[in-house]
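A closer look at the structure
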Amino acid sequence: MNVIIVQGSEDGILGVFTTKKLAFECAKNYCDSGMENTLNGMTYAKFCKEMTTFGHCQVGEGYGVANCEIFIKNHY
């Protein structure tokens, strides 16, 4: 099972999610809540593409950004 960890640059871990949609919404809300932040043109489609290709993604730019990374949980 894979999970996505969303971490705020100023606030630490914001959440752990099992779907890209929930992770993107959390990251987007974090960026929208800051005064000096912009979403840097990140859309859900672009988020999904970067997460699938690279396994990590930065949402937003400015003072507070959200870093998202896929964590692969092994089952034994």
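It should be emphasised that the depicted structure is a prediction, and the values quoted were computed from it without experimental measurement.

1. Examining the overall build of the protein chain
Counting its secondary structure elements, the protein chain contains 2 helices and 6 strands. Helices (α) and strands (β) of the protein chain occur, in sequence order from the N terminus, as β-β-α-β-α-β-β-β. Computed over C-alpha atoms, the radius of gyration of the protein chain comes to 12 Å, within 12% of the 11 Å expected from 2.2 N^0.38 for 76 residues, which places it in the range of a compact globule. Going through the 76 residues of the protein chain one by one, you find that 34% of them count as buried. Taking contacts inside the protein chain between residues at least 6 apart in sequence as the whole, the part at least 24 apart equals 42%. Both charge centroids of the protein chain, one from 6 positive and one from 8 negative side chains, sit 13 Å from each other.

2. Some words on the state of the cysteines
This model, assessed by the stated rule, comprises 0 disulfides. With no disulfide of its own, C26 has C68 as its nearest cysteine by sulfur position, at a separation of 7.6 Å. The thiol of C31 is unpaired, and the distance to the nearest cysteine sulfur, on C68, comes to 8.4 Å. The buried category is assigned to C31, whose relative accessible area is 1%.

3. Here's the deal with the packing of aromatic side chains
Scanning the model with the defined rule gives 2 aromatic pairs in all. In textbook terms, an aromatic cluster arises when at least three aromatic residues are bridged by ring pairs, as seen for F24, Y44 and F47.

Calculation notes
Counting restarts for each chain: residues are numbered from 1 in the order of the written sequence. In keeping with the model being predicted, local features are shown solely for residues with a pLDDT of at least 70 and side-chain atom pairs are shown and tallied solely at 80 or more, while totals for entire chains, interfaces and linings include all residues. Working from all heavy atoms in the structure, the side-chain values ignore hydrogens and water. Every helix listed is a DSSP run of H or I at least four residues long, and every strand listed is a run of E at least two residues long, numbered separately from the N terminus. For a compact globule the rule gives 2.2 Å times the number of residues to the power 0.38, and the radius of gyration it is set against comes from C-alpha atoms. Here's how the labels work: a residue is buried when its accessible area is under 20% of the maximum for its type, exposed when over 50%, partly exposed in between, all with a 1.4 Å probe on protein chains only. Any two residues whose heavy atoms approach within 4.5 Å are treated as being in contact. The charge count includes Lys and Arg as positive and Asp and Glu as negative, but it does not include His or the ends of the chains. Here the site of a charge means atom NZ of a Lys, CZ of an Arg, CG of an Asp or CD of a Glu. In this description, the term disulfide denotes a pair of cysteine sulfurs within 2.5 Å. Each pair of aromatic rings taken from Phe, Tyr and Trp, with Trp reduced to its six-membered ring, is defined by centres within 6.5 Å and is described as stacked if the planes are under 30 degrees apart, edge-to-face if over 60, and tilted in the remaining cases.

So, to be careful, I would describe these as geometric facts and stop short of saying anything about function.
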